[in-house]
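Single-letter residue listing:
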Amino acid sequence: MDVKNGETVKGTNFVNLRSAGDPVELGKAYSDAGADELCYLDITASHEGRKTFTDMVTRVAREINIPFTVGGGINAIEDVDRMLEAGADKVSVNSAALRRPEFINEISTRFGSQVCVCAIDARMDDDGWHCYINGGRIRVERTLLDWAKEVADRGAGEILFTSMNHDGVKHGFANEALAMLADALPIPIIASGGAGKKEHFRDAFTVGKADAALAASVFHFGEIPIPELKAWLKKEGIVVR
């Protein structure tokens, strides 16, 4: 769930945001529907936004009984501390890690690898997969695979890979890139960006070799009910919780 000014929003290719409802109510509904985990990202982490977001995290922790990850504007150990104190199970870092990679080591050393999810926003450009920071606005000269390997070496527990090309388009996940990461890395890969129908989830697990699949709009707008999706995946031979 992308959160802006206290409400859930969803866009396409990281732009054209529209409202999707209250993040606490949505989180409770997903928890009750059988989602395995939730991920909340504060996409406008200004100083004021942080206070709003921290309050929201506290409310979410009271309402749900599944693990949840929070990210957005986490730049220092104090930010990690604050989110864990508020009730989050894990934190997701992205831009801050690319700017200062040792931040990953600091989080995993202090809190354990299981707390550190490294989010990677990448786009397939003319010269290959490149990483982006600041909500997909600024390209950095790090390729997807090289950065993902460093992230794993530095102690991150999971990688949340979002393909900017596939985000919100609903044509399926970036399965070739996912499989490349899965084959090269010793830590779990979460697929993000592109879910539009049930088959896309199956393909992320079989073709993309992902360990988990994240989706937003198909759930936010009632296109695929979570219990129905899990039952269908089970019939397709996918191991689900």
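Here the structure is a predicted model, which is why all the values come from computation and not from measurement. (Residues numbered from 1 in each chain as written. Predicted model: local features only at pLDDT ≥ 70, side-chain atom pairs only at ≥ 80, totals over all residues. Heavy atoms only, no water.)

1. Some remarks on the pairing of strand 10 (residues 158-163)
Part 1: Of all the 6 residues making up strand 10, 6 are buried; the element is thus mostly covered by neighbouring parts of the structure.
Part 2: Along strand 10, one buried face is formed by Glu-158, Leu-160 and Thr-162 and the opposite face, lined by Ile-159, Phe-161 and Ser-163, is buried too.
Part 3: Relative to strand 10, strand 7 (residues 116-125) is paired through 6 bridges, and the arrangement is parallel. Each residue of the ladder has a partner; that of Ala-122, found in strand 10, is Ser-163.
Part 4: Strand direction decides the pairing type here: strand 10 and strand 11 (residues 189-192), joined by 4 bridges, are parallel. (Buried < 20%, exposed > 50% of the residue type's maximum accessible area, 1.4 Å probe, protein only. Helix = DSSP H or I, 4+ residues; strand = E, 2+ residues; numbered from the N terminus. Pairing = 2+ DSSP bridges.)

2. Things to note about the nonpolar core
Part 1: Membership of the largest hydrophobic core comes to 70 residues, with the highest contact counts inside it found for Tyr-40, Ile-107, Phe-161 and Phe-201.
Part 2: If one sorts the elements of this core by residue count, helix 6 (residues 144-153) sits on top with 5 residues.
Part 3: With near-sequence residues (within four places) excluded, Phe-161 lies in contact with Ile-120, Ala-122, Trp-129, Leu-144, Ala-174, Ala-177, Leu-178, Leu-181, Ile-190, Ala-191 and Ser-192.
Part 4: Core analysis: the second largest hydrophobic core is formed by 5 residues, Val-117, Ala-119, Leu-160 and Ile-190 among them. (Core = buried A, V, L, I, M, F, W, Y, C linked by side-chain atoms within 4.5 Å. Contact = heavy atoms within 4.5 Å.)

3. Comments concerning unusual backbone geometry
Part 1: In the Ramachandran plot, Asn-5 falls in the positive-phi region, its phi being about 50° despite a non-glycine side chain.
Part 2: Positive phi, close to 70°, is recorded for Lys-170, a residue that is not glycine.
Part 3: For Lys-170, the location among the structural elements is in the loop between strand 10 and helix 7 (175-184).

4. Topic: the side chain of Asp-79
Part 1: Relative to the helices and strands, Asp-79 is located in helix 3 (residues 77-86).
Part 2: Residues within four places of Asp-79 in sequence aside, it is in contact with Arg-50, Gly-73 and Ile-74.

5. Describing helix 10 (residues 226-235)
Part 1: Of the positions making up helix 10, those classed as buried are Ile-226, Leu-229, Lys-230, Trp-232 and Leu-233. One face of helix 10 carries all of its buried residues, which in axial projection span an arc of 165°. For helix 10, the exposed residues lying more than 90 degrees away from the buried face are Lys-234 and Lys-235.
Part 2: Count one or two residues on from helix 10 and you reach Gly-237, which has phi positive near 90°. (Arc of directions from axis to C-beta.)

6. Remarks on the packing of aromatic side chains
Part 1: Enumeration according to the criterion identifies 5 aromatic pairs in this entry.
Part 2: Ring plane angle 85° and centroid distance 6.1 Å describe the contact between Tyr-40 and Phe-68, whose orientation is recorded as edge-to-face. Of this pair, Tyr-40 sits in strand 4 (residues 38-42) while Phe-68 sits in strand 5 (residues 68-71); the two residues are 28 residues apart in sequence, bridging distant segments of the chain.
Part 3: Where Trp-129 meets Phe-161, the ring centres are 5.6 Å apart and the plane angle is 75°; that geometry is what we call edge-to-face. In this pair, Trp-129 is assigned in strand 8 (residues 128-133) and Phe-161 in strand 10, connecting sequence segments 32 residues apart.
Part 4: Under the relative-accessibility criterion, Trp-129 is labelled buried at 15%. (Phe/Tyr/Trp six-rings, centres within 6.5 Å; stacked < 30°, edge-to-face > 60°.)

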